[in-house]
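Examining the three-dimensional arrangement
Take a look at the letters that make up each chain.
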Amino acid sequence: MKTPETPAFECETGNYHTFCPISCVAWLYQKIEDSFSLVVGTKTCGYFLQNALGVMIFAEPRYAMAELEEGDISAQSNDQKELEKICLQIRDDRNPSVIIWIGTCTTEIIKMDLEGIAPKLERQIGIPIVVARANGLDYAFTQGEDTVLAAMAHRCPEYKWCETNSKRQDQSGRIRVNTTSNNKITSQKSELTGSNLVLFGSLPSSVASQLNSELKRQSILISGWLPSQKYDELPGLGGDVYVCGVNPFLSRTATTLMRRRKCQLIGAPFPIGPDGTRAWIEKICSVFNIKPDGLEEKENRIWKNIEDYIRVVTGKSVFFMGDNLLEISLARFLIRCGMIVYEIGIPYMDRRYQAAELLLLQHTCIKMKTPVPRIVEKPDNYGQVQRMHELKPHLAITGMAHANPLEARNIDTKWSVEFTFAQIHGSGNARDILELVTRPLRCKGGLTSGSRSLSKQTTII
Ligand code: SF4
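Residues numbered from 1 in each chain as written. Predicted model: local features only at pLDDT ≥ 70, side-chain atom pairs only at ≥ 80, totals over all residues. Heavy atoms only, no water.

Note the threshold: UniProt positions are given in the numbering used here, feature names are shortened, and annotations may be inferred rather than shown by experiment.
If you look the chain up in an unreviewed UniProt entry, it shows as Light-independent protochlorophyllide reductase subunit N from Myriopteris scabra. Here the chain is described in UniProt, under the heading Subcellular location (unreviewed entry), as follows: "Plastid, Chloroplast".

Re the site of the ligand
Convention followed: Proximity criterion: a residue is near a molecule or strand once any of its heavy atoms comes within 4 Å of it. The residue classification treats Ala, Val, Leu, Ile, Met, Phe, Trp, Tyr, Cys and Pro as nonpolar and Asp, Glu, Lys and Arg as charged. All others, Gly included, are polar.
Around the ligand sit Cys-20, Cys-45, Thr-104, Cys-105 and Gly-136, and that is every residue in its neighbourhood. The class makeup of the residues in the shell around the ligand is 3 nonpolar, 2 polar and no charged.

Some points on the packing of aromatic side chains
Threshold: Aromatic contacts are taken between Phe, Tyr and Trp rings whose centres are within 6.5 Å, Trp giving its six-membered ring; a plane angle under 30 degrees counts as stacked, one over 60 as edge-to-face, and the others as tilted. Comment: elements are numbered from the N terminus, with helices defined as DSSP H or I runs of at least four residues and strands as E runs of at least two.
Counted by the stated rule, this structure contains 8 aromatic pairs. Centroid distance Trp-27 to Phe-141: 6.1 Å. Interplanar angle 75°. Geometry classified as edge-to-face. Of this pair, Trp-27 sits in helix H1 (residues 25–31) while Phe-141 sits in the loop between strand E5 (129–132) and helix H7 (143–153), and the two are 114 residues apart along the sequence. Here the aromatic rings of Phe-270 and Tyr-353 are separated by 5.4 Å at their centres, their planes lie at 50°, and the arrangement is tilted.

Considering helix H10 (residues 205–216)
For clarity, the threshold we go by: By definition here, a helix of n residues has an expected span of 1.5 Å times n minus one. Relative accessibility thresholds used throughout: buried, under 20% of the residue-type maximum; exposed, over 50%; partly exposed, between the two (1.4 Å probe, protein chains only). Of all possible arcs, the one meant is that of the directions from the helix axis to the C-beta atoms. By definition, residues are in contact when any of their heavy atoms lie within 4.5 Å.
Between its first and last C-alpha atoms H10 spans 16 Å; for 12 residues at 1.5 Å apiece the expected length is 16 Å, and the two agree. Of the positions making up H10, those classed as buried are Val-207, Ala-208, Leu-211, Asn-212, Glu-214 and Leu-215. Along the axis of H10, the buried positions cluster into a sector of 160°, meaning they face one direction only. Where H10 is buried, its residues meet strand E8 (197–200), strand E9 (224–226), helix H12 (273–287) and helix H13 (295–305).

Looking at the confidence of the model for the chain
As a reminder of what qualifies: Per-residue confidence from the prediction method is given by pLDDT, with values spanning 0 to 100.
Across the chain, the average pLDDT comes to 86, with 87% of residues at 70 or higher. Element-level pLDDT for the chain is lowest in strand E7 (residues 175–177), with a mean of 37, against a maximum mean of 97 in H7. In this model residues 161–191 is a low-confidence stretch, pLDDT under 50, and it forms 42 contacts with partners more than four residues away in sequence or in other chains. Confidence drops under pLDDT 50 across residues 446–461; counting only partners more than four residues distant or on other chains, this segment forms 26 contacts.

Some words on the sheet that holds strand E11 (residues 264–265)
For clarity, the threshold we go by: At least two bridges found by DSSP between two strands are what make those strands a pair. Every angle, taken between N-to-C directions, lies between 0 and 180 degrees, and every axis is a line fitted to C-alpha atoms, over only the stretch in contact when it is a helix.
Overall, parallel pairing links the 4 strands, which are arranged E9-E8-E10-E11 in an open sheet. Two strands lie at the open edges of the sheet, namely E9 and E11, each paired on one side alone. Pairing of E8 with strand E10 (residues 242–245) involves 4 bridges; the strand directions are parallel. Looking across to E10, one finds that Phe-200 is bridged to Gly-245. Against the sheet, H12 contacts E8 and E10, and its axis sits at roughly 170° relative to E10.

Considering the nonpolar core
What counts here: The definition of a nonpolar core used throughout is a set of buried Ala, Val, Leu, Ile, Met, Phe, Trp, Tyr and Cys residues joined through side-chain atoms within 4.5 Å.
In terms of nonpolar packing, the biggest core is built from 81 residues, with Phe-333 and Leu-334 touching the most fellow members. Apart from the residues lying within four places of it in its own chain, the contact partners of Phe-333 are Gly-273, Pro-274, Asp-275, Trp-303, Ile-306, Ala-430, Ile-433 and Leu-434. Counting 21 residues, the second largest nonpolar core, distinct from the first, contains Cys-244, Ile-281, Ile-290 and Leu-295.

Structural notes on the environment of Ser-416
Positionally, Ser-416 belongs in the loop between strand E16 (412–415) and helix H19 (417–421). Each C-alpha atom, one on Ser-416 and one on Val-437, is 9.8 Å from the other, the two residues being 21 residues apart in sequence. In contact with Ser-416, not counting residues within four places along its chain, are Asp-323, Asn-324, Ile-397, Thr-398 and Gly-399.

Focus: the UniProt feature "binding site: [4Fe-4S] cluster" (unreviewed entry) in the chain
Look at the UniProt record and you will see "binding site: [4Fe-4S] cluster" (unreviewed entry) annotated at Cys-20, Cys-45 and Cys-105. On the basis of their most widely separated C-alpha atoms, the annotated residues across 86 residues gather in one place, lying no more than 10.2 Å apart. Every residue in contact with Cys-20, bar those within four places of it in the chain, is listed here: Phe-48, Gly-136 and Phe-141. As for its position among the elements, Cys-45 is in helix H2 (residues 43–52).

Take a look at the structure:
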């Protein structure tokens, strides 16, 4: 028997809706400004991208499909020649610093040797080619970014090489590696410590610089981000480098950084919500033997600042169907805000990488005197809908496939995909998370649990 404080893990059939991981090209091409992503797949993948990414496709994005034809699948065409033609065209039209090949279900099934072809073509066309297998057979949604970053970790220079070059902080607050030797290290830098800290995870630049400055306030200067904004600014990695993730779905990247690049992983909760951000900074400070300064006051200030939202959510219940791997961190924050979480569905749960986050979830539940929610890995959407009928949650956080049908049955919903694209990291963005969560609750205004019927088909006996 499990004690109520221990999270109960379950695993279901994996019959759930989520985005295909190739969708990561949408945000990665914007983050790595000089990259070009090439999805090697079929029309199915093309249709998905075209529909999922909406108006973005009209803005000449730096991604494209290499659409496989009959000849490619029956091995009548030469894969290398075909890819060479496309990559030469990309080089001539866009001149990127790196081309990212995204493998798909089809390239897996026909066993196309993308990793074998890439080094040959790379030499031929003179542009680095990174291969990531972000296919729907093995991964879900945000894990696409994980596969790309894990592949990119191999391309980061050795840390020692970086040390011979001076580093400086540019005016925007971003740290970058300088390849010229005549730059002086600013006097401010000598007061800061922890310059061998690399953060991994793709965040919008404004959010990344917020986290940079939160750490800088504790006298910790980071040496780089994976991914960096430009391909040639990738951070140096090696045995002396500490790495820390900002997103819960980057377990493969973490493993690659530890095993292949010998980095030291800082296992911390993720900087989502003021509680998570504080715990994240505290953990990093503890590794560098720094006593955190003013964190508690800052956290309290933020809780005070979001009191209006907390009044709306306190006592309300929420059900995460699970599709983007941010669920544990969001649930932990919402429990701290006073919500009751019935179930946390999650596509994949790496208990080692998320250990600190799970511990914080447990502590939060004890603190808020609420039961620890059950965590359902690879959920079965059908079973979840049945459970929702019984549990009658105030809010379901779900994908677009279920949102309207649930609304029609009187269950308020929030599209989970919005949490992936909204700015939710750092203590300053706590309002944004609650803005998203409370929108459906506020729309209806003054709900009471007694006034709702969860299913129009339910007959009351
Ligand atoms: S699940 Fe497979 S076939 Fe479907 S879009 Fe993703 S990679 Fe393409």
